[in-house]
Structure formats: structure tokens, C-alpha cells
Amino acid sequence: MKETMKNGKKLGESNTEQTMFIRINQLGYASGLPVQIALLSDVASLDGIEANTAKNSCNESRLEKQTTLILTDTAGNEVKKCTIGKPSYDEASGDCVRLVNIGVLPEGEYYIEFEGQKREISVKKDPWQKVTDALIKGLYYQRCGCELEEKYAGKFTHKACHTAPAIEWDNREVKKTVIGGWHDAGDYGKYVGPGAVTVAHMIYAHMLCEKGCSDSLNIPESGNGVPDILNEARYELEWMLKMQRKDGAFYHKLTKAQFAPFIMPEDDHEQEYLMPVSHCATGAACACLALAYRVYKKYDAEFAEKLLSSALLASKWIDDNPEFVPYTNPEGVRTGWYGDKNFADEQFWAACELYASTGESKYKDAAEKLYQDGLNITSYGWADVSGLGAICCLFVLKDSAGDILYGSLKEKFIEECGKIAKLTEESGYGTALPADRYIWGSILSIMSNAISLILHGMLTGDDKYRAAALLQWNYALGLNALDISFITGFGEKSVKNPHHRPSGADGIDEPVPGLISGGPNKCFPYQQNRERFEGVPAAKCFLDETPSADTNEIAIYWNSPAIFVGAYFASECKQ
Ligand code: 9MR
Ligand code: ZN
């Protein structure tokens, strides 16, 4: 912690009524973008204080006159004085917060001084490339079926894991070698739908924010002439191809019957099964492979053709099996369910990508119909992939998508982004998530909303939206109610004990770097945490404790939207 001592008191500790806490992006700020910080008044942050009392005290303190924040250089010379407004009550955290936009600052180290508190911030030309690289490399650390060698993995090496042939759950006669892919999360399962969205986030990051995806990740393929973000994504794509049955359907997942204990992956020898095929896995894979076809064709035409034929075969299976059956875990299976009950979004995304890849009008007709029936076009996660179809329409097809899929969709998209921007205005910390939506993996909602705000900025050039998106990136790196950076290995105070089997079992103190935690979860915590979260505001329902999968697991599809956001801001720093 860089919060320093003043007058014998550790800053951040309360001994007056109005002690303030200073919250910052712990990795610093970019010289070309606004510096956003939060000043916290502790009237409302005392644990256990009744929400109404907290709210009232915050509102009373609103009566205070406006006040001043002083920014100095490290020698103590005043650099800037900002007049700041009254605090506002942040419902999600119960904190009384002043969110301050200091504006653009030249490169350097600064102290923020406010009412006896002091915290250092740094401003650099390009402060977030490293963490963005690490988020991509985080997926390398999730690789299954190969050794993680020291020259790439540093001390986080391990032997090849999960190399035995898999058996089909429904027909034990069928044996198949399906080595590869990424471990999904803190567990060692591999799931097609979540893998497909992760790859898509990475491909779109490459397409839309290329300058922010550096090509020196030090992974085995580095230097092969293909951008590293695509090298890493290909590791999952190769596996995904193996997850397709001959008739075109995709197995929902490759897992054991139960989650492994906290052991290293190479010590996990229980039988892996190809669990039943599902519509959602097939639809998501179809869309992802059709998208990947266009991007990889430039680098490897033969591989690209494989991707497209696989997508077309998947699409045929969907046509031949029009009755949607949601996936359920077979009896006796306890691994991740990914119980998606809606198929329209996968169908929409697949239709958009297939239209973009083949130009066949039947796909456009299908996408138009699905869109007109109503979709959440700003959702990009495994449960609702409509937003990925929307990105395809807005940034790939553009005018060629026509009045419905471009004209009307764009209008709707902009309207939805307006609602997201409003969420940031209503939050004390500027976080684009309402108090009642802190679900399992809340980081996905926050990073998804950042993606929408970024895309809005790209479509309209409105800087206000870019600044709102930046608040979400800053949230991930410490500008939040917990004063924590959710990305392992990055920040003065970052997540130390993620629910991640290798991090828990490798005997190394630090967690594997570059993994983003799911973050606070008020809505669906584990039974054993329910009591601990009683009376705790939503944005603080978080435990940096290994067993807490409900708040502190990592997942590939939480890293990937953060990759998009990081790549975007890193690319903005290259101007
Ligand atoms: O990301 C999933 C989240 O939306 C669900 O609420 C949660 C509980 O069902 O499961 C999450 O996914 C987990 C998956 O089932 C198994 N691998 C770890 C995933 C991250 O927690
Ligand atoms: Zn493995």
C-alpha cells in the first residue's frame, strides 16, 4: 500500500468524522486520457452501519461546502487545484463517494492530497500494455494437454495434463482423443460455449483494437508471423474442432463427473467424458468458427477452410434438429452446467457470422428475423451472445447488413448504450452495474458494459462514452469499493487467493498472474458465505479466499472481455 503515514495516523484509518479514502487505478493513468479517482468519506463505510443511517449521513455531508483537492508533484510543488463537488451515496457499496475527474495530466508521479490524506499516482504514456498482455497470457497458463515450459511460464510450469482418451458419457464404447483447449476457470473442465465466446472476444479485440494487442507474449508460437492473440486463440480453436461429432453437433463439454480437488492438473487422472451434445454449444461453436475463418484465412488458408466447413456442418445439424433442447447435466455429473435456456441468441450470432463469411442471403434473412423478435444486443457472455452478432453487424457487415441489421440495430444499440452510461452516472464509483445486479462473475457484466461504451464511442466519436468505459477499466484495477485490483499480479493490492486450482496447488506464494477474479456476488453466494454477507452491501460481497468460487474464481471468459477493454485503452495510448 502506498497510502502513507501522516500525523502518526495510518492514512485510511478513521479518527475523525470525515476521514477520506483515496481510490485509484493502481497501475496508474495514461497521459492522453482523463485521470479519474474516488474520494471516500467514511461516514457510510463503517462496517455494519445501517443503510439508511449511512445514506442520511452521506446526504447531510452533502451540505458541506464545495472543497478543494490538491495535486502535487513528488517534491511537494502544487501542480493543480481541483474544486470538487459534494459526495454522493453509492447504493451498491454503501459508501459516500466523490468521483473526481482530474482531467488530463502530463507524464509524471503525483500525490493526491485531500483533507489530510495522500496517495501517489503515476501518469505514463502507455501504462496498461503490460497488464493487457498478461491478461492474454493468462490464457496460455490455462492451456491443457501440453507442458507449460519454464521458458514461457517462468516459475508457473507444469507437466502435460489431461492427455488420456475421453469417453462419450452416453455411449461408453466411444473413445476419442480430445487433447488441448483451455481449462475453463478454477476447475479443469473444458466447455465449448464459454470457449467460443472467449475466442470471439479475442478475435474482435484483434480486429478492433489491434494496436493494443502486442505481439510479444512469449508463448510457444511467438514470432511465427501470426499475431500472438490469434496464436493463443488458435489453441482453443484446434480443440473445439475435435469437440464436433461427425454429424455436426458439438459436445457440450469435456469434463469428469466431479470437480477435481485442489491438485495440479497433471495429477488429475480421473476419466474425462464427452458430455452430451447441445444446441447452445453447437450454435456458439458454429458462430465462433465462422468468425475465425475470416481472420485466420490470411495466415493459414487450409486451417481456415477447416473452420468454415466445421461451422457449416454445425449449421446443418441445427437445421436438421430444429427442436431446441436445453442442456442439462446427466445424472451423476456435477461439473459446470452452463445451463443456457435460450437458443435464439446463439442462432442470431451464428447467422450473422455465416452471412459475413459466405454472403448467402439465407443467413441474413435468418438474422433479421431473430433480431426482430427481440434480443439483448449488448450482451456478450456465454449465456447471451447476441452482442457478438451485433458487433458483426456494426463493425464487419456495416452498410451491407441493410436497414434492419445495420440501420435499426445501430439505433437500438446506441439507445442501449445510453442506458449503460446512465448506470455509471448513478453509481458513486461510476461503475456500470446497479446494486441489485452483483451476480456470480459480476466482472463480466462490468467489462461487457465497458465494451458497449467503447463500441458506442467508436460508432459516434463521443468522448463521454469513452470516459465512462474508462471508469470500468479503472474499476478492474482498483477504483472500486474494495480498493482492490481484480487482476492477479497487478496493482499494489491485488487478488491473492483466487479460486484457481494451479494457484492453490503449485506451492508458489503468488497466484498465477494475469487472471481476473469474478468479483463481488450478492445475488448467488454459497450457502456458507450467505451469513458472512448478511448486511454487507453488494459491491463488498467479496472474499479473497481460495474456497470462494462464488466471488473469487477466475474464468477464461472473464479474462477475455477485460482483454478487449485493455486492448482498446492500450491502443488509445499509441496515438
Ligand atoms: O460463470 C458461471 C456463472 O454465471 C454461474 O452463476 C456459476 C454457477 O452456476 O457458474 C459459473 O461458471 C462456472 C462453471 O460452472 C464451472 N467452471 C467455473 C465457472 C466459473 O465460476
Ligand atoms: Zn488439463
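The preceding data block contains the structure.
First, a word on scope: everything that follows refers to the structure included in this document. These figures come from a predicted structure and were not determined experimentally.

We now examine the environment of A383. Summarising the element assignment, A383 is placed in the loop between helix 9 (361-372) and helix 10 (386-397). Judged by relative accessible area, which is 36%, A383 ranks as partly exposed. Filtering out sequence-adjacent residues up to four positions away, A383 remains in contact with D340, D345 and E346.

Another aspect to go through is the packing of helix 4 (residues 192-208) against helix 10. Taken N-terminus to C-terminus, the directions of helix 4 and helix 10 make an angle of 20°; their axes are 11 Å apart at the nearest point. When the axis of helix 4 is compared with that of helix 10, the two are roughly parallel. For the element pair helix 4 and helix 10, the recorded crossing hand is left-handed. Counted together, V197, A200, H201, Y204, M207 and L208 of helix 4 and L388, I391, C392, F395 and V396 of helix 10 form the full contact between these two elements. Looking at the contact of helix 4 with helix 10 residue by residue, the classes come out as 10 nonpolar, 1 polar and no charged.

Attention now moves to the state of the cysteines. Enumeration according to the criterion identifies 1 disulfide in this entry. A sulfur-sulfur separation of 2.1 Å characterises the disulfide bridge that pairs C58 with C96. Handedness of the C58-C96 disulfide follows from its S-S torsion of about 85°: it is right-handed. Of the two residues, C58 sits in helix 1 (residues 51-61) while C96 sits in strand 9 (residues 95-103), which places them 38 residues apart along the sequence. In terms of burial, C58 and C96 fall into one category: buried. C393 takes part in no disulfide bond, and the closest cysteine sulfur to it belongs to C352, at a distance of 3.7 Å. Using a relative accessible area of 0% as the deciding quantity, one classes C393 as buried. C417 carries a free sulfur, and the closest cysteine sulfur to it, the one in C393, is 14 Å from it. Look at C417 and you get buried, because its relative accessible area is 0%.

This part takes up the coordination of the zinc ion (ligand 2). Here the zinc ion (ligand 2) is held by the protein donor atoms C144 (SG), C161 (SG), H162 (ND1) and H183 (NE2), which lie 2.0 to 2.3 Å from it. Every donor counted, the 4 donor atoms about the zinc ion (ligand 2) form angles of 101 to 115° at the centre, which fits tetrahedral coordination. When the donor residues of the zinc ion (ligand 2) are listed from N- to C-terminus, their spacing reads C-x16-C-H-x20-H. Here H183 lies in the loop between strand 13 (175-176) and strand 14 (190-191) and C161 lies in the loop between helix 3 (150-153) and strand 12 (166-168), a separation of 22 residues in the sequence.

Across residues other than glycine, the phi torsion is negative in most instances, and most of the peptide bonds are trans. Unlike most non-glycine residues, N218 shows phi in positive territory, near 55°. With respect to the helices, strands and loops of the structure, N218 is situated in the loop between helix 4 and helix 5 (228-242). Unusually for a residue other than glycine, Y338 sits at a positive phi of about 45°. Mapped onto the elements, Y338 comes out in the loop between helix 7 (301-320) and helix 8 (344-358). Using a relative accessible area of 12% as the deciding quantity, one classes Y338 as buried.

Time to look at the nonpolar core. As a rule of thumb, soluble globular proteins bury nonpolar side chains together. Counting residues in hydrophobic clusters, the biggest one holds 155 residues, and the most contacted among them are W128, M240, Y296, F348, W349 and F569. If one sorts the elements of this core by residue count, helix 6 (residues 279-296) sits on top with 13 residues. Inspection of this core shows a minimum of three residues originating in each of domain 1 (141-341) and domain 2 (345-404). Counting residues in each nonpolar core, the second largest holds 18 residues, with L39, L71, I112 and I121 among its members.

Calculation rules
- Think of each chain on its own: its residues are numbered from 1, step by step along the sequence as written.
- Naming scheme: in the order in which they are written, chains are lettered from A and ligands are numbered from 1.
- It should be noted that, the model being predicted, local features are given only for residues of pLDDT at least 70 and side-chain atom pairs only at 80 or more, the latter also being counted only at that level, while totals for whole chains, interfaces and linings use all residues.
- The side-chain values count all of the structure's non-hydrogen atoms but skip hydrogen atoms and water molecules.
- By definition, any uninterrupted DSSP run of H or I lasting at least four residues is a helix, any uninterrupted run of E lasting at least two residues is a strand, and each is numbered from the N terminus.
- Partly exposed describes any residue whose relative accessible area lies between the buried limit of under 20% and the exposed limit of over 50%, with all areas from a 1.4 Å probe on protein chains only and scaled to the type maximum.
- Note on definitions: a residue-residue contact is assigned when non-hydrogen atoms from the two residues lie within 4.5 Å.
- Helix axes use the C-alpha atoms of the stretch in contact, all axes being lines fitted to C-alpha atoms, and the angles between their N-to-C directions lie in the range 0 to 180 degrees.
- Angles below 35 degrees are treated as roughly parallel, those above 145 as roughly antiparallel, those between 65 and 115 as roughly perpendicular, and all remaining angles as oblique.
- Less than a right angle of anticlockwise turn of the near helix away from the far helix marks a crossing as left-handed, whereas a clockwise turn marks it as right-handed.
- Note on residue classes: Ala, Val, Leu, Ile, Met, Phe, Trp, Tyr, Cys and Pro are nonpolar, Asp, Glu, Lys and Arg are charged, and everything else, Gly too, is polar.
- When two cysteine sulfur atoms are found within 2.5 Å, that pair is recorded as a disulfide.
- Each metal site lists N, O and S donors within 2.8 Å (3.2 Å for Na, K and Ca). With water left out of the atoms, a site can look as if it is missing ligands.
- Under the classification used here, a metal with four donors is tetrahedral if each angle lies between 85 and 135 degrees, square planar if opposite donors are over 155 degrees apart and the others between 65 and 115, a six-donor metal meeting that same test is octahedral, and anything else is irregular.
- Among buried residues, the Ala, Val, Leu, Ile, Met, Phe, Trp, Tyr and Cys ones that are joined through side-chain atoms within 4.5 Å form a nonpolar core.
- Residue ranges assigned to the domains are those given by an automatic or database domain assignment.

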